[in-house]
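Coordinate analysis (summary)
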Amino acid sequence: MSRSKSHLKRTGKTRGFTFHYRHLGVNWAKMNRWILHHNKAVSEIVLRKAGGQKFNAKMGASAIARGDYRPDRDLSLTGAAAYDREKQKCMKDLGLITRNNIVTERMQKYITDLMSGRDTTSLLREFGIRIKLQSPQSSWREFKEGCQQVGYSHYRIRPIVMFLYAIYSASRKKVKVTTDDVALSGFRYFTPKEITPVNESFLLKYIEDYFEKKRIKGNDYKKEFKRQFRKVEKEIGRKISGKFALEQKCRNAANEIYCTSIFLKKVGFIEDENFTPSEWSSTQMSYGRTGKVKYTLFSLTPKGIEALKSALNRIPIWGKDIVDNFPDNWHEISDIVNKLAIDGYIKDNIYSKKVGKALSMLGIKVRKKRNRYYAEKIPEFELQYDLI
């Protein structure tokens, strides 16, 4: 199935303050119907021949027929097609499909449970914590001055892990963690000019420093968000026009956190408490017909703590890094990393000094025991997710 390239030519006027994961905050009853229909659609030879835009429109039309989507424009499938792309992004992030709509082993597991009437929460929990911001499941583009469709090519993080770590860090320092805090710490966007790559060791330290500063001095959210706004204006080289420009940026950032938290609550990683804040908050910014976002205090559940600790004990590996660093033998290195991810070890007939050096460059440490080399930290890597 061909994939539209029009989005690569689109010029963005600006960028957001945070990562974009609002697609996770879906109604999962509707999403499950969408997944079943998508799985059926991509299995049909006729639809395989349809181009990306035609496929999106077909899926959108089906959603309208099911009553799962109400078009905002009569006699047009433009909005419905965009709605389908958002749902596909959700499936790609969770590893249910690849960029080219190839159904993965994860999707097969999910469909099996769904069709058998089993609860799919445990699978969503497993897939969600493993989401990687920069992987072949998401298109990435180089950052350019003027913000031409800003991408995340300089990111090497697991966003859900960063979200949970922000809550964990705040709890250890005995300070509250709000929607604003997550937007300014674990989900904050950094440009390549600030730091590249943005890896997990950098962001975990940034989160720690953020909540330490909050513990000592408190936080002026309005000041911090205005600072972010000025940075964006500096990047694009002009003032952002519009009566509610700041409000829109702040509210969008808050909505990304809120929608992501819906997913985290569904899978049992967090608990939340909603109320109206007494201080300034990005959640309270509204403009036109766009209303406020719920102001939330977050806390981790035992399942959330367990998932976070397990994730931090694994070492995430990005397929792009393997391909970029080992262009001549990336297939071999990918296969070895995948074996370590599945079994935790490789046999000594596979290991060599060259392989050891390659693993070391990726941050993977191994130790020999009898005729096997064991990974000190199991790699977070999956061929279908990271390379297809």
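These numbers come from a predicted model, not from an experiment. Along each chain, the written sequence defines residue order, and numbers are assigned to residues from 1. Only residues with pLDDT of at least 70 get local features here, since the model is predicted, and only at 80 or more are side-chain atom pairs given and counted; chain-wide, interface and lining totals rely on the full set of residues. Based on all heavy atoms of the structure, the side-chain values leave hydrogens and waters out of the count.

1. Examining the nonpolar core
- We call a set of buried Ala, Val, Leu, Ile, Met, Phe, Trp, Tyr and Cys residues a nonpolar core when their side-chain atoms join them within 4.5 Å. Partly exposed residues are those whose accessible area sits between 20% and 50% of the maximum for their type, while under 20% is buried and over 50% is exposed, using a 1.4 Å probe and protein chains only. Among the nonpolar cores identified, the biggest contains 74 residues, and F19, W28, I35, L94, Y155 and L164 are the most heavily contacted of them.
- Should any heavy atoms of two residues lie within 4.5 Å, those residues are considered in contact. Once residues within four sequence positions are removed from consideration, I35 is found in contact with W28, M91, L96, M107, Y110 and I111.
- Among the nonpolar cores identified, the runner-up in size contains 18 residues, and I317, I333, V337 and A341 belong to it.

2. Observations concerning the pattern of salt bridges
- Each salt bridge in this description consists of a side-chain nitrogen of Lys or Arg and a carboxyl oxygen of Asp or Glu lying within 4 Å of one another. Evaluation of the coordinates by the stated rule reveals 27 salt bridges.
- Among the ionic pairs, E224 bridges to K213, the shortest N-O distance being 3.6 Å. Taken as a pair, E224 in helix α11 (residues 221-236) and K213 in helix α10 (residues 200-217) lie far apart in primary sequence, 11 residues in all.
- For E224, a relative accessible area of 15% gives the class buried.
- For K213, a relative accessible area of 41% puts it in the partly exposed group. For the purposes of this entry, the term helix denotes a DSSP run of H or I that reaches at least four residues, the term strand denotes a run of E that reaches at least two, and both are numbered from the N terminus.

3. Some thoughts on unusual backbone geometry
- Geometrically, the link from T196 to P197 is a cis peptide bond, its omega value of -5° lying close to zero.
- Mapped onto the elements of the fold, P197 is located in the loop between α9 (179-184) and β2 (198-199).
- Notably, K174 is not glycine yet its phi reads approximately 60°, a positive angle.
- Tracing the backbone through its elements, the reader meets K174 in the loop between α8 (159-172) and α9.

4. Describing the environment of I207
- Position of I207 among the secondary structure elements: in helix α10.
- Residue I207 is classed as buried on the basis of its relative accessible area of 0%.
- Between the C-alpha atoms of I207 and D181, which are 26 residues apart in sequence, the distance is 9.5 Å.

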